Amino acid sequence: MTNDQWTAVDRYLTDLLVPADDTLAATLADSTAAGLPEIAVAPNQGKLLNLLVAIQGARKVLEIGTLGGYSTIWMARALPADGRLITLEYNPVHADVARANIARAGLDKIVEVRTGAALDTLPRLEAEGAGPFDLVFIDADKVNNPRYVEWALKLSRPGTVIIVDNVVRGGGIATPHPDDAAITGTRAMFELVSREPRLDATAFQTVGTKGHDGLLLARVVE
């Protein structure tokens, strides 16, 4: 198959199962207009996150990597009225765009965007007693994926679901690439997960409008 075929299949599935949504469309449009990179999850992947939050019965969600708030909105929509989602964004411009998008979606009462390096913010969350979170979605700089997973574990409970995005790297993950920090960091994350007795995990490849990539899905078991 080709990228064109993958995209056509994604379009077919999305047209049937993920109805057009003006708020989400505006989120993407405003993010692009503000100069944010066009790397948000695809609509059907956003719906997957929404379903996973709902299936988990999550009340508290942590997101590492906000961008323009597209995935944030998908997940927050699955939370109960008294739920809480904390999302961490390094870039202050991205964070401001996300806050505006989240407010337009009517979710600013349950979503908090925190600005700064996640590895600085995560210890503060621990000190505040913000956890445990029911679901953690990691979609940030890939070189720090191992440390993000370690922090997800610290802020979790038995039964917490941890999702890591962009873990296949167009197939590059299969072999070492010493000059590619994203692949090196993601391979180190897989190795950490493989030897971590508190995690029961799998990973799978995806193809579609975002090309060839994949997700890691893990559950905290103790």
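Rules of the game
- Residues numbered from 1 in each chain as written.
- Predicted model: local features only at pLDDT ≥ 70, side-chain atom pairs only at ≥ 80, totals over all residues.
- Heavy atoms only, no water.
- Helix = DSSP H or I, 4+ residues; strand = E, 2+ residues; numbered from the N terminus.
- Rg over C-alpha atoms; globule rule 2.2 N^0.38 Å.
- Buried < 20%, exposed > 50% of the residue type's maximum accessible area, 1.4 Å probe, protein only.
- Contact = heavy atoms within 4.5 Å.
- Phe/Tyr/Trp six-rings, centres within 6.5 Å; stacked < 30°, edge-to-face > 60°.
- Lys NZ or Arg CZ within 6 Å of the ring centre and 35° of its normal.
- Core = buried A, V, L, I, M, F, W, Y, C linked by side-chain atoms within 4.5 Å.
- Pairing = 2+ DSSP bridges.
- Axes fitted to C-alpha atoms, helices over the stretch in contact; angles between N-to-C directions.
- Expected span 1.5 Å × (residues − 1).
- Arc of directions from axis to C-beta.
- Parallel < 35°, antiparallel > 145°, perpendicular 65-115°, else oblique.
- Left-handed = near helix turned anticlockwise from the far one by under 90°.

### Some words on the overall build of the protein chain
Logical step 1: For the protein chain, the count of helices and strands is eight helices and seven strands.
Logical step 2: In terms of overall size, the protein chain behaves like a compact globule, its C-alpha atoms giving a radius of gyration of 17 Å where 222 residues would be expected to give roughly 17 Å.
Logical step 3: Its C-alpha atoms give the protein chain principal-axis dimensions of roughly 45 × 40 × 30 Å.
Logical step 4: Looking at the 222 residues of the protein chain, the share that counts as buried comes to 48%.
Logical step 5: Across the protein chain, contacts joining residues at least 24 apart in sequence account for 72% of those joining residues at least 6 apart.

### Digging into the packing of aromatic side chains
Logical step 1: Under the criterion given, the structure shown has zero aromatic pairs.
Logical step 2: Lying over the aromatic face of F133, K60 brings its terminal NZ or CZ to 5.6 Å of the ring centre.
Logical step 3: Over the face of the ring belonging to W151 we find K154, whose NZ or CZ atom lies 4.1 Å from the ring centre.

### Examining the nonpolar core
Logical step 1: Ranked by size, the top nonpolar core spans 32 residues in total, and within it L62, I64, L122, I138 and I162 carry the most contacts.
Logical step 2: Listed by contribution, the elements that provide at least two residues to this core are strand 1 (60–64), strand 2 (84–89), helix 6 (118–128), strand 4 (135–138), helix 7 (145–154), strand 5 (161–165), helix 8 (181–195) and strand 7 (211–220).
Logical step 3: Looking at which element gives the most residues to this core, the answer is helix 7, with five residues.
Logical step 4: For I162, the contacting residues outside a window of four places in its chain are V136, I138, A152, L153, L199, L216, L217, A218 and V220.
Logical step 5: Listed in part, the 31 residues of the second largest apolar core include L36, A98, V113 and I163.

### Examining the sheet that holds strand 6 (residues 199–208)
Logical step 1: Here seven strands make up an open sheet; going across it, the order is 3-2-1-4-5-7-6 and the pairing mixed. Looking along the sheet, the strands with just one partner apiece sit at the ends: strand 3 (111–115) and strand 6. For this sheet, the mean inter-axis angle between neighbouring strands, taken without regard to orientation, is 15°.
Logical step 2: Sheet topology note: the strand 4/strand 5 ladder contains four bridges and is parallel. Bridge assignment links F137 to a residue of strand 5, and that residue is I163.
Logical step 3: Each of strand 2 and strand 3 touches helix 5 (residues 92–104); the most contacted strand, strand 3, lies at about 170° to it.

### Section: unusual backbone geometry
Logical step 1: Put simply, G131 and P132 share a cis peptide bond, and its omega is 0°.
Logical step 2: Within the secondary structure, P132 is located in the loop between helix 6 and strand 4.
Logical step 3: The backbone of N166 shows a phi angle near 60°, a positive value even though the residue is not glycine.
Logical step 4: With respect to the helices and strands, N166 occurs in the loop between strand 5 and helix 8.
Logical step 5: Not every positive phi belongs to a glycine, and R169 is a case in point at roughly 55°.
Logical step 6: With respect to the helices and strands, R169 occurs in the loop between strand 5 and helix 8.
Logical step 7: The class for R169 is partly exposed, based on a relative accessible area of 29%.

### Concerning helix 3 (residues 43–56)
Logical step 1: Here helix 3 contains 14 residues, and its C-alpha end-to-end distance of 20 Å stays within 8% of the 20 Å for a straight helix at 1.5 Å per residue.
Logical step 2: Listing the buried residues of helix 3 in full gives G46, L49, N50, L52 and V53. Projected onto a plane normal to the axis of helix 3, the buried residues spread over an arc of 160° and lie on a single side.
Logical step 3: Considering only its buried residues, helix 3 is in contact with strand 1, helix 4 (70–76), strand 4 and strand 5.

### Brief notes about the packing of helix 2 (residues 22–33) against helix 5
Logical step 1: The interhelical angle for the contact between helix 2 and helix 5, taken along N-to-C directions, is 160°, at an axis separation of 10 Å. Considered as vectors, helix 2 and helix 5 are oriented roughly antiparallel to each other. The hand of the helix 2/helix 5 crossing is right-handed. Here helix 2 contributes A26, T27, D30 and S31 to the contact with helix 5, which in turn contributes V97, N101 and R104.

The quantities given are spatial measurements derived from coordinates; they are silent on function.
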